[in-house]
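For reference, the chains in residue letters:
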Amino acid sequence: MLKITTNITAAIPSMGIFPASNRKSCQFFGASTDVFPPFLIKEMEKIKDPFARNLISRIEMLPVELSVSKNRIMSSCVTPIVQDTANNPLVLLHGFDSSCLEWRYTLPLLEQAGLEAWALDILGWGFNKLETLPHCDVESKRDHLFQFWKSYIKRPMLLVGPSLGAAVAIDFAINHPEAVDKLILINASVYSEGTGNMSKLPKSVAFASVSLLKILPLRFYATNLSYNALPFNTCIDWTYITRLHCLLPWWKEATVDFMRSGGYNVSAQIKQVMNKTLIISGENDRIIDSRLAVRLHCELPNAVIRQISNCGHIPHVEKPHVVADLIKDFRCKSHNEVSFPLPSKTLHQTAVTSHAI
């Protein structure tokens, strides 16, 4: 049964400013601006993107009991507008040191198409409330996702993982196959050997290194690197969006805990993934080599691969309509039935065929 509880509008990403009269009434986590911590509200005033502001207004806090650390945290997420009990839901993860705001453009398009979709913040990142700081290592992140699924979703899901979120998705699918129907991996970061030398750093040095991730010039550089020919003003605004969660008081401790734990190392598990999988690759990704998408396609037993032309590392922000169409087709059809536009360019000179969109 399909039920849409709210009218949905979506458009091509565009930069705009909310009228000044609306700014003081914008909501964050369902709380008015005079209730939520003022240091984040001040940063919110710098964000011009109406899609980001709209998604922020939808973020909710749901209690999750962690079985590994025995902690109870308030987990940040965007809950579905569409309730479709006849089909498995989409669960949208995000990349390293990011948040559910990555889905500010694509989520409304998926909802407009009638799909039930959740956007979750991975433990230790995003806007999860971690006043009683749990461990934020791989096991804890997996446990958090499973307990959230067990408490609220309760059906096999189509799990979507961009960048490092792809490693999160693979790790979760291997350990909890009952919870995952299909996978979608976007510019997947799945071949790195964890956090490398960061896991061996003294704690004081690790804290100093992680602190750099919050510095605006470095965030600006990373944002510019993530997209294909991003205009300067847009890059500034998107930098503020990517940095917002870093201002939470537990962000640094949570990130250091993850980095020193060793991080994700799932390359040896890839061939064990039996789920139907869609691999999406940005043609102009300057962070993950597109040849690794071909390698992933070769190693996954049950996968298809599609490339998006003129697109960087985060297609669901840069090309939301294309990503939404790919997700819709893959969710609704089997591999043999998936219909895409005719190929305009091969991804790589190999026996593997992929389609550029």
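As the structure is a computational prediction, the values presented were derived from the model and not from experiment. The numbering scheme is per chain: residues are counted from 1 as the chain's sequence reads. Only residues with pLDDT of at least 70 are given local features in this predicted model, and only at 80 or more are side-chain atom pairs given and counted; all residues enter the totals for whole chains, interfaces and linings. The basis for every side-chain value is the complete set of heavy atoms in the structure, and neither hydrogens nor water enter the calculation.

As for the overall build of the protein chain
Note the cut-off: Only DSSP runs of H or I reaching four residues or more are called helices, and only runs of E reaching two or more are called strands; each is numbered from the N terminus. Only protein chains enter the accessibility calculation, which uses a 1.4 Å probe; a residue is then buried when its area is under 20% of its type maximum, exposed when over 50%, and partly exposed in between. Residues are treated as being in contact if the distance between any of their heavy atoms lies within 4.5 Å. With residues, only the protein chains shown are counted as cover, and all accessible areas are computed by Shrake-Rupley using a 1.4 Å probe.
Helix and strand content of the protein chain: 13 helices and 11 strands. Per-residue burial over the protein chain gives 55% buried out of 357 residues. The long-range share in the protein chain, meaning contacts at least 24 apart out of those at least 6 apart in sequence, stands at 76%. For the protein chain, the accessible surface area stands at approximately 15100 Å², while carbon and sulfur atoms represent 53% of it.

As for the pattern of salt bridges
Note the threshold: One speaks of a salt bridge when a side-chain nitrogen belonging to Lys or Arg is within 4 Å of a carboxyl oxygen belonging to Asp or Glu.
The tally for this structure, following the rule as stated, stands at 10 salt bridges. Residues Glu 65 and Arg 72 are paired through a salt bridge, measuring 3.3 Å at the closest nitrogen-oxygen approach.

Digging into the side chain of Arg 219
Put simply, the test is: Polar contact criterion, stated in full: a pair of N or O atoms within 3.5 Å, where within protein one must be able to donate a hydrogen and the other to accept it, and residues adjacent in sequence count only if both atoms are side-chain atoms.
The topology assignment puts Arg 219 in helix H8 (residues 216–226). In this structure Arg 219 comes out as buried when scored by relative accessible area, which is 9%. At 2.9 Å, the side chain of Arg 219 forms a polar contact with the backbone oxygen of Thr 242.

Considering empty space enclosed by the protein
For clarity, the cut-off: Every definition here rests on a 1 Å grid over the protein atoms only: cavities are sets of points where a 1.4 Å probe fits but cannot get out, pockets are open sets enclosed by protein on both sides within 12 Å along at least five of seven lines, and lining residues have some atom within 4 Å of a point. Grid points are joined across faces, edges and corners, and a volume is the space filled by probe spheres set on the points. Residue type decides the class: Asp, Glu, Lys and Arg count as charged, Ala, Val, Leu, Ile, Met, Phe, Trp, Tyr, Cys and Pro as nonpolar, and the leftover types, Gly among them, as polar.
Across all of its chains, the model carries 3 cavities of 30 Å³ or more by this definition. In terms of lining residues, the largest cavity is bounded by Leu 93, Leu 120, Asp 121, Ile 122, Leu 123, Lys 141, His 144, Leu 145 and Val 168. The leading source of residues in the lining of the largest cavity is helix H5 (residues 138–153), at 3 residues. The residue inventory of the lining of the largest cavity, partitioned by class, reads 6 nonpolar, 1 polar and 2 charged.

Overview of the packing of H5 against helix H6 (residues 164–175)
Selection rule: Orientation is described by lines fitted to C-alpha atoms, with helices fitted over the stretch in contact, and by angles between N-to-C directions that extend from 0 to 180 degrees. What sets the label is the angle itself: under 35 degrees gives roughly parallel, over 145 gives roughly antiparallel, 65 to 115 gives roughly perpendicular, and the rest give oblique.
The geometry of H5 relative to H6 is characterised by a closest axis approach of 10 Å and an angle of 70° between their N-to-C directions. When the interaxial angle is binned, H5 and H6 end up roughly perpendicular. Every residue of H6 that contacts H5 at Val 138, Arg 142, Leu 145 and Phe 146 is listed here: Asp 171, Phe 172 and Asn 175.

Here's the deal with the packing of aromatic side chains
Applied cut-off: Pairing of aromatic rings covers Phe, Tyr and the six-membered ring of Trp, with a centre-to-centre limit of 6.5 Å; geometry is then stacked below 30 degrees between planes, edge-to-face above 60, and tilted otherwise. Ring-over charges, as used throughout, are those where CZ of Arg or NZ of Lys falls within 6 Å of the ring centre and within 35 degrees of the ring normal.
One pass over the structure, following the stated rule, counts 11 aromatic pairs. Ring plane angle 45° and centroid distance 6.0 Å describe the contact between Phe 258 and Tyr 264, whose orientation is recorded as tilted. For the pair Phe 258 and Tyr 264, a shared accessibility class is recorded, and that class is buried. Through successive ring pairs, a cluster of aromatic residues spans Phe 51, Tyr 105, Tyr 227 and Trp 238. The aromatic ring of Trp 238 is capped on one face by Arg 104, whose charged end is 5.3 Å from the ring centroid. Above the ring of Trp 125, the side-chain terminus of Lys 141 is found at 3.7 Å from the ring centroid.

Side note on the packing of helix H7 (residues 203–211) against helix H10 (residues 251–261)
Angle between the axes and distance between the axes are the two parameters that describe a pair of packed helices. Put simply, the test is: By definition, any crossing whose near helix is turned counterclockwise from its far helix by less than a right angle is left-handed, and any crossing with a clockwise turn is right-handed.
The N-to-C vectors of H7 and H10 enclose an angle of 115°; their axes lie 9 Å apart at closest approach. Between H7 and H10 lies a crossing whose hand is right-handed. Taken together, the residues of H10 that come into contact with H7 (itself represented by Lys 203, Ala 206, Phe 207, Val 210 and Ser 211) are Trp 251, Lys 252, Glu 253, Thr 255, Val 256, Met 259 and Arg 260. A per-class count over the contact of H7 with H10 returns 6 nonpolar, 2 polar and 4 charged.

Brief notes about H5
Defined as follows: To estimate the expected span of a helix, subtract one from its residue number and multiply by 1.5 Å.
In this model, H5 (16 residues) spans 21 Å end to end at C-alpha, consistent with the 22 Å of a helix rising 1.5 Å per residue. Extensive coverage of H5 is indicated by the burial of 12 of its 16 residues. Among all positions of H5, only Val 138, Ser 140, Lys 141, Arg 142, Asp 143, His 144, Leu 145, Phe 146, Gln 147, Phe 148, Trp 149 and Ile 153 are buried. Once H5 finishes, Lys 154 follows within two positions and takes phi at roughly 65°, a positive value.

Section: the layout of surface pockets
Roughly 940 Å³ of internal volume is contained in the largest pocket. Taken together, 36 residues form the lining of the largest pocket, with Phe 96, Asp 97, Ser 163, Ala 222 and Ile 287 sitting closest to its centre. Elements with a contribution of two residues or more to the lining of the largest pocket: H8, helix H9 (232–243), H10 and helix H12 (315–318). Of the residues forming the lining of the largest pocket, the biggest block, 6 residues, is contributed by H8. Among the residues making up the lining of the largest pocket, the classes are represented as 17 nonpolar, 15 polar and 4 charged.

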